[in-house]
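Observations on the model geometry
Here is how the chains run, residue by residue.
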Amino acid sequence: MSLAVYIFVMAAVTYLIRMVPFTFFRKKIKSRFFRSFLYYIPYAVLSAMTIPAIFYTTHNIYTAIAGTAVAVVLAFLEMPLIVVALAASGSAFLMGLFI
Amino acid sequence: MKNNFLRGMSHGIPIFLGYLSVSFGFGILAVSKAGLNVFQASVISASNLTSAGQKAGIDVIAAGGTIIEMILLQLTINIRYSLMALSLSQKLDRSFTTPHRLLASYGITDEIFAVCSAQKKHLTPAYMYGMIFIAAVGWIMGTAMGAAAGELLPASVSTAMEIVLYGMFIAIIIPPAKKQHSVLFVVIMAAALSVVFKYCLPFISEGFAIIISAIVSSTAAALIFPIKDEEVTE
């Protein structure tokens, strides 16, 4: 199988998965249940993606915990996204210097 | 128009930084595992713009797998984008015509979805293009650099950068969870289910585990805490 075929198939499947609902779903959803479901979905997806994966990100549980803790505290204080994201990384790096 | 594009770009800076580091790892992997060159690895990143799907794709290419396997794997890992696309379709501005939708759907990734759905305003095409542009530049550049240079960064820096995107996710979910019990419920339930999948049901792929955790907890929250009308129209 040629590499171009593999890449084409990967890209086409991934694009269609995104494009079909985004382009062809025009109506405002009326069902209260379904609207509630869609309101909660982003938080559910992000939470499920973050926990427990975040503890495996830095290849070291202690630096990952340090980064996570700093991110949680700064997010609780409602700091901007970029501040929280970079502070998480910075504290994981600093923690890494000590272990 | 121009303003929205720039606003999208500035909101995409954390995504750019995160992608730069994550795709660097993908670039290294594409060369070492599947024997691709810089150009081929970059083409995969430019045409797919997804992390888990590309890593799985490299596995199939390296193993000389079948096309059916490639299709099923991409479907399983990436089907969550359908849910995200559906969710975003509800908050698009009137200016989002069909050609804009066809173009912008290329850039629905976990991170772009996360930042877009945190916006209070309706989404305009220019805003999404700005964010997609800077994110894609980071993704492709990181891939090319990773494939070309192997280890450019010291390991202490590159591993610390892996946490950037997750830090951003935390910054998105915590403020609303603090204010609304329903969101707190969803966040805790989805995290708990995801932990159960990881440690008790490890044979279920990560993509499926995320989909099931998210659907179950959102369904439960929708039944227990149905939203009032003003929350969606915002």
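What counts, and at which threshold
- Residues numbered from 1 in each chain as written.
- Chains lettered and ligands numbered in written order.
- Predicted model: local features only at pLDDT ≥ 70, side-chain atom pairs only at ≥ 80, totals over all residues.
- Helix = DSSP H or I, 4+ residues; strand = E, 2+ residues; numbered from the N terminus.
- Rg over C-alpha atoms; globule rule 2.2 N^0.38 Å.
- Buried ≥ 20, exposed ≤ 12 C-beta atoms within 10 Å, placed from the backbone.
- Contact = placed C-beta atoms within 7 Å.
- Axes fitted to C-alpha atoms, helices over the stretch in contact; angles between N-to-C directions.
- Parallel < 35°, antiparallel > 145°, perpendicular 65-115°, else oblique.
- Left-handed = near helix turned anticlockwise from the far one by under 90°.
- Arc of directions from axis to C-beta.
- Nonpolar A, V, L, I, M, F, W, Y, C, P; charged D, E, K, R; others polar.
- Domains from an automatic or database assignment.

The next thing to look at is the overall build of chain A. In terms of regular secondary structure, chain A is built from 4 helices and 0 strands. Across chain A, helices and strands are ordered from the amino to the carboxyl terminus as α-α-α-α. Relative to a compact globule of 99 residues, whose C-alpha radius of gyration would be 13 Å, chain A shows 20 Å and is clearly more extended. The 99 residues of chain A split such that 51% are buried. A separation of at least 24 residues holds for 37% of the contacts in chain A among residues at least 6 apart in sequence.

A separate point is unusual backbone geometry. For the bond from A:Ile51 to A:Pro52, the omega torsion is 0°, close enough to zero to count as cis. Turning to its location among the elements, A:Pro52 is positioned in the loop between α2 (32-50) and α3 (61-76). Positioned with a positive phi, A:His59 is a non-glycine residue whose angle comes to about 65°. Inspection of the secondary structure puts A:His59 in the loop between α2 and α3. A positive phi angle is found at B:Leu49, which is not glycine, with a value near 50°. The residue B:Leu49 is located in the loop between α3 (38-48) and α4 (51-63) in this model.

So, on to the packing of α3(B) against α4(B). Residue and element names in this part refer to chain B. Remark: α3 packs on α4, axes separated minimally by 10 Å, with the N-to-C direction vectors making an angle of 140°. Here α3 lies oblique to α4, going by the angle between them. For the pair α3 and α4, the crossing hand works out as right-handed. Contacts from Ile44, Ser45 and Asn48 of α3 reach α4 at Gly53, Gln54 and Gly57.

This part is about α3(B). Here α3(B) has its buried residues at B:Ala41, B:Ser42, B:Ile44, B:Ser45 and B:Asn48. The buried residues of α3(B) occupy an angular sector of 155° when the element is viewed end-on, so they sit on one face. Considering only its buried residues, α3(B) is in contact with α1 (3-24) of chain A together with α2 (13-34), α4 and α9 (125-149) of chain B. Immediately beyond the C-terminal end of α3(B), within one or two residues, lies B:Leu49, with a positive phi of roughly 50°.

One widely used convention gives an interface's size as the accessible area the parts lose upon coming together. Listed as interface residues are 82 residues of chain B and, on the opposing side, 62 residues of chain A. Top contributing element to the side of chain B that touches chain A by residue count: helix α11 (residues 164-179) of chain B, with 13 residues. Classifying every residue of the side of chain B that touches chain A gives 50 nonpolar, 25 polar and 7 charged.

Residue and element names in this part refer to chain B. Per the domain assignment, the segments making up chain B are domain 1 (2-162) and domain 2 (180-234). Computed from C-alpha atoms alone, the centre-to-centre distance between domain 1 and domain 2 is 23 Å. Facing 6 residues of domain 1, the contacting portion of domain 2 comprises 7 residues. Of the residues assigned to the side of domain 1 that touches domain 2, the class counts are 3 nonpolar, 1 polar and 2 charged.

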